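Here are the chains, one letter per residue:
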Amino acid sequence: MAESTAVEGLLTRFEEALVAEAFSDAPFVTEAATHIIAAGGKRFRPLLVFLAAQFGGDVDEDDLIAAALVVELTHVASLYHDDVMDEAELRRAAPSANSRWGNSIAILVGDYLFARASARVAKLGVEYVALQAETFSRLVQGQIAETRGPGESEKPLAHHLQVIADKTGSLIATSAVFGGMVSGASPEVIDALRAYGEEVGVVFQLSDDVIDITSEETGKTPGTDLREGVPTLPTLMLGASTDPDDAELKSLIDGDLESEEALAAALEGLRIHPVMERARAEVQRRADLARSHLDVLPDGEAKDMLAAVCTELVERSS
């Protein structure tokens, strides 16, 4: 997504501030806390803060950077914890903190970054603290639900969508709301930004779900989630099917996919199955829903850039 000169300048200043925020008097803590930050990232959440701030009045740039730091520090901290939960060996093509220093260090570094986010948000005001606390609660609840899995009375797909909303949608929504709050945007605008961010967060993950199956052209290793038995939109849609013709493919997916041959067969079966078109249609539907929340916002470059996010999320999974 193309960025305006103003947003580019904010992102440059933000990147410097992010590294400084992870600094500690203890050199090892600094090294570990900047481990994921140094590996780069999309900085999507700070970008949303900066774009959303364009729908209000005059902005204190220091407060805007602080709000962006809060959401990104929270996001990065959650990645340290996620990697421990997932026993991940890599993060952004580099060894994960847990594989390099062990689970205890990775968890404590995540806690350190959460603390840094808390220190920042406290200076913004009580309304920001309350929203950050609510968001953090949803992040934790989403992780617990994902770890526990769906209950007996829950439909797996509905469970998956709620996990995504809590783990991904909540913080992206807060990013957009923070930007609106810093700029003094109207309640109507802030509600629209919140709804947009929540939906875009879900679309982002559902798009990744599709890419896990169709990623030969994207440079990502196909079938990573499939092999590890991680629920995704296409596999959950297939699992809900009552068509007897789907039984063989469902059995293959539920079986041992450790061998390259078995994984290749499962991927091929999914790629030619109508469930992939249904999954893409769901990504498109929810992207259109996210875009519709922008209708109340004034026209301009910021609105166009937010709408472009929806388009890009659909295109990356096509």
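Above this text sits the structure in question.
Calculation criteria
- Residues numbered from 1 in each chain as written.
- Predicted model: local features only at pLDDT ≥ 70, side-chain atom pairs only at ≥ 80, totals over all residues.
- Heavy atoms only, no water.
- Helix = DSSP H or I, 4+ residues; strand = E, 2+ residues; numbered from the N terminus.
- Contact = heavy atoms within 4.5 Å.
- Salt bridge = Lys/Arg side-chain N within 4 Å of Asp/Glu carboxyl O.
- Buried < 20%, exposed > 50% of the residue type's maximum accessible area, 1.4 Å probe, protein only.
- Patch = residues over 30% accessible without salt bridge, like charges linked within 9 Å, V, L, I, M, F, W, Y side chains within 5 Å.
- Areas by Shrake-Rupley, 256 points an atom, 1.4 Å probe, with all protein chains shown as cover.
- Lys, Arg positive; Asp, Glu negative; His and termini not counted.
- Charge placed at Lys NZ, Arg CZ, Asp CG, Glu CD.
- Expected span 1.5 Å × (residues − 1).
- Polar contact = N/O pair within 3.5 Å; in protein donor to acceptor, adjacent residues only side chain to side chain.

(A) Focus on the environment of A302. When you line up the elements, A302 lands in helix 16 (residues 301–316). Distance in space between the C-alpha atoms of A302 and V7 is 9.7 Å, their sequence separation being 295 residues. Setting aside residues up to four positions removed in sequence, A302 forms contacts with L51, Q54 and F55.

(B) Fine view of the pattern of salt bridges. All told, the structure shown has 21 salt bridges when counted by the stated rule. D83 is the partner of R91 in a salt bridge, and the nearest nitrogen-oxygen pair spans 2.8 Å. Owing to a relative accessible area of 22%, R91 belongs among the partly exposed residues under this scheme. The residue R285 makes a salt bridge to E282 at a minimum N-O spacing of 2.8 Å. Pair noted here: R285 and E282 are both in helix 15 (residues 275–292), with a separation of 3 residues, about one helical turn. On the basis of relative accessible area, R285 is assigned to the partly exposed category, the value being 44%. Accessibility expressed as a relative area gives 17% for E282, which makes it buried. Three or more residues are tied together by salt bridges with common partners; here these are E199, E282, R285 and R286.

(C) Quick look at a negative patch on the surface. The grouping of D86, E87, E228, D256 and E258 at the surface amounts to a negative patch. With respect to the helices and strands, the residue E258 is situated in the loop between helix 13 (247–254) and helix 14 (260–271). By relative accessible area, which is 54% here, E258 ends up exposed.

(D) How the structure looks around helix 10 (residues 187–214). In this model helix 10 runs 40 Å from its N-terminal to its C-terminal C-alpha over 28 residues, within 8% of the 40 Å that 1.5 Å per residue would give. Of all 28 residues that make up helix 10, 21 are buried, and the element is covered over most of its length.

(E) Examining the side chain of H75 more closely. Turning to its location among the elements, H75 is positioned in helix 5 (residues 61–86). Judged by its relative accessible area of 12%, H75 falls in the buried class. Every residue in contact with H75, bar those within four places of it in the chain, is listed here: R45, R92 and L171.

(F) Quick peek at a nonpolar patch on the surface. On the surface, a cluster of nonpolar side chains totalling about 250 Å² of accessible area is made up of F136, V140 and I144. Residue classification places I144 among the exposed residues on the basis of a relative accessible area of 52%.

(G) Spatial organisation of the side chain of T135. Tracing the backbone through its elements, the reader meets T135 in helix 8 (residues 126–148). T135 gets classed as buried once you look at its relative accessible area, which sits at 2%. A polar atom in the side chain of T135 sits 2.6 Å from the side chain of T174. Setting aside anything within four residues of it in sequence, one finds T135 in contact with S170, L171 and T174.

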